[in-house]
Amino acid sequence: MGQVTGTGRGSNLRSNTSRKVTFAVGLLCVLVAAALTTLSPSAEAATTATPITDFINYPNVPTAAIPASCKVDGANVLKGVSFIVNHNGTNTTGTDLSAFTLVVGDKVTMNWTDYTPGCENLGISFAVKATQHPTFVPQDDQHLVSFAFCSGTDCGTANDFGHLTITIPPKEAACNFQLDAVIGPPLNNVGPNGSYYSNASRQAATPPKASGPNMLIAANNGGVGKCTLPPRADAVVTCAMVNGSPGADIAITNPDDDDIAHVNILKGTTVVASNVAVGTLATVHQLVPFGSGETATLSVVDVLTGTTVYTERFTADCLNPAAVALKNCAAGGVDIDLTNSKPGTAHFTVTVGSKSTTYDVTSTTAKHFTEPVAEGATVVITITEATAGVLVDHLSFTMDCFKPSAKIENSCAEGGVLVTFTNTGSVPADLKVTKNGSAIDTVTVAVGKSVFRTYPMAEDETATFRVTGTNFDSGDQQIIHDCIDAATTTTVPPTTEGPSTTPPTVQGTEVVRAATLPRTGAGSTAGLSATAGILLVLGGVLMALSNRPVPMMATASMRSRGR
């Protein structure tokens, strides 16, 4: 018996399984769609856009530009515009948006049937803003709360366009509101500090704003009526805010055009300014002093509601003072440097001995000066800063910069007096030489150097020499130049680094020493003469021997061998 393919129990089982899979997939799609519907925001749109903040150039901005093919503006860019208002589940339809009385929670949907030829693919926004009045007041700044946007095919097709839905926000978000249907993305702010959708409002502003097409399609205003808007505040800390000292500038703005605002200002938990009045649409500045390096929290509290409208923690990091004191022999005193690398003003006090002087120093006005101190004197210096305290604490400085010396001695080899000048100090030394009370020379000795000078004297002459200079006096030294009877006694002057030399006699000038050939012995030429005599005798003998005649026998013998 043959089998019929596709019939029987197995086939039924496979069919049931397929149906179950199909059902599960369908159920999953329904659940996902429901979840997406639940999560949808109050502003519904097919696409998104960025609110416009280029208020200076609006509406002539790329994202809002109407194409050249579109020869109309405002409500004329769309056809068949209508609105549906859902209030507590009941829908009301109309073509005039301004005719609806809207309240918190109402859902408003905008639709249209087509575009005016040439205006296809325009972006359209449906936006709600918070305002101070339930009617349009050009002087109010309207702040964007939410919006829906679409463009091109995302807006729909085939005579069914839009479906842009907005929910009227709660009073906390918008005491009063304005609902606008506009061309392109919405303005982030409509009003004096932003721009306007209609060209008439832009040109009526003071000063007038950019001219361009009308971007407004439809509008509706509503709300509870009179709103009391809370004040706003901001603060900045600078280092020269209050009388050149650190402080905070708190700016309190009252956006309400009906009522004066009153605020309390706190530093930490202390009220530093109470019941500060801020006029309608006005801004008031309050200065709060800070100490350098001080950290504190500033707060602004609305007196009417008791609400803290601003709070922020600040540190007045304004000073980094530094002071240095160093001895400077070349300048003849103590160098003092006062600096401050931060933007505040440092207040230094420099005390030298019993005298105190104050200096104000900023990051661009450092102080560098030398406090004069006489050679050999000692001073004590203290430097303080008003905030940082003691920076240099009783430092003692002694000006011992000049350390010259002079050695005066008779020198038979030089034919007079040899003076050796030495300077072990920190600055060059000028030394004056006198002979019998009259100045005969001035010698400058560099730091760490020695200079030799000779001053001629006659045989058996007696003279008094003296060398003087800053912080030095050799005193009178009597020199007797007696050299003939003391031929074997020669005074050798001290030498500097290098080969041993003997300075020639140069009156009043530095000695320039020329090297001489060394010799040994007792200083005579007797040894050399004896050696020369011996060599002369030996040479003569050798020459004599070389000239003697040769014996005949020897000659013959030599000739015999030669054969």
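What counts and how
Residues numbered from 1 in each chain as written. Predicted model: local features only at pLDDT ≥ 70, side-chain atom pairs only at ≥ 80, totals over all residues. Heavy atoms only, no water. Pairing = 2+ DSSP bridges. Helix = DSSP H or I, 4+ residues; strand = E, 2+ residues; numbered from the N terminus. Phe/Tyr/Trp six-rings, centres within 6.5 Å; stacked < 30°, edge-to-face > 60°. Buried < 20%, exposed > 50% of the residue type's maximum accessible area, 1.4 Å probe, protein only. Disulfide = S-S within 2.5 Å.

**Regarding the sheet that holds strand E9 (residues 160-167)**
The strands that make up a sheet pair up through hydrogen bonds in the backbone, lying either parallel or antiparallel.
Inference 1: Taken in spatial order, the five strands of this open sheet run E3-E2-E4-E9-E8, and their pairing is antiparallel. Lying at the two open borders of the sheet, with one neighbouring strand each, are strand E3 (90-94) and strand E8 (156-157).
Inference 2: Here six bridges tie strand E4 (residues 107-112) to E9, and the two strands are oriented antiparallel to one another. The residue of E9 that forms the bridge with Met110 is Leu164.

**Let's talk about the packing of aromatic side chains**
Inference 1: For the coordinates displayed, the defined rule picks out six aromatic pairs.
Inference 2: With centroids separated by 6.3 Å and ring planes inclined at 75°, the aromatic side chains of Tyr58 and Tyr197 adopt a geometry described as edge-to-face. With Tyr58 in the loop between helix H1 (9-39) and strand E1 (78-79) and Tyr197 in the loop between strand E11 (189-190) and helix H2 (199-204), this pair connects stretches of sequence that are 139 residues apart.
Inference 3: When its relative accessible area of 0% is taken as the criterion, Tyr58 is described as buried.
Inference 4: The buried category is assigned to Tyr197, whose relative accessible area is 5%.

**As for the state of the cysteines**
Inference 1: In total, this model carries five disulfides according to the counting rule given.
Inference 2: Disulfide pairing is shown between Cys70 and Cys119; the S-S distance is 1.9 Å. Since a negative S-S torsion denotes a left-handed disulfide, the Cys70-Cys119 link at about 80° is right-handed. Of the two residues, Cys70 is situated in the loop between H1 and E1 and Cys119 in the loop between strand E5 (114-115) and strand E6 (124-131); the sequence distance between them amounts to 49 residues. In this pair, the class of Cys70 matches that of Cys119, namely buried.
Inference 3: Covalent S-S linkage joins Cys239 and Cys318, the inter-sulfur distance amounting to 2.1 Å. One disulfide, between Cys239 and Cys318, carries an S-S torsion of -85° and so falls in the left-handed class. Taken together, the residues span a long stretch of sequence, with Cys239 in strand E13 (residues 232-242) and Cys318 in the loop between strand E19 (308-315) and strand E20 (321-328) at a distance of 79 residues.
Inference 4: Given the relative accessible area of 12%, Cys239 is considered buried.

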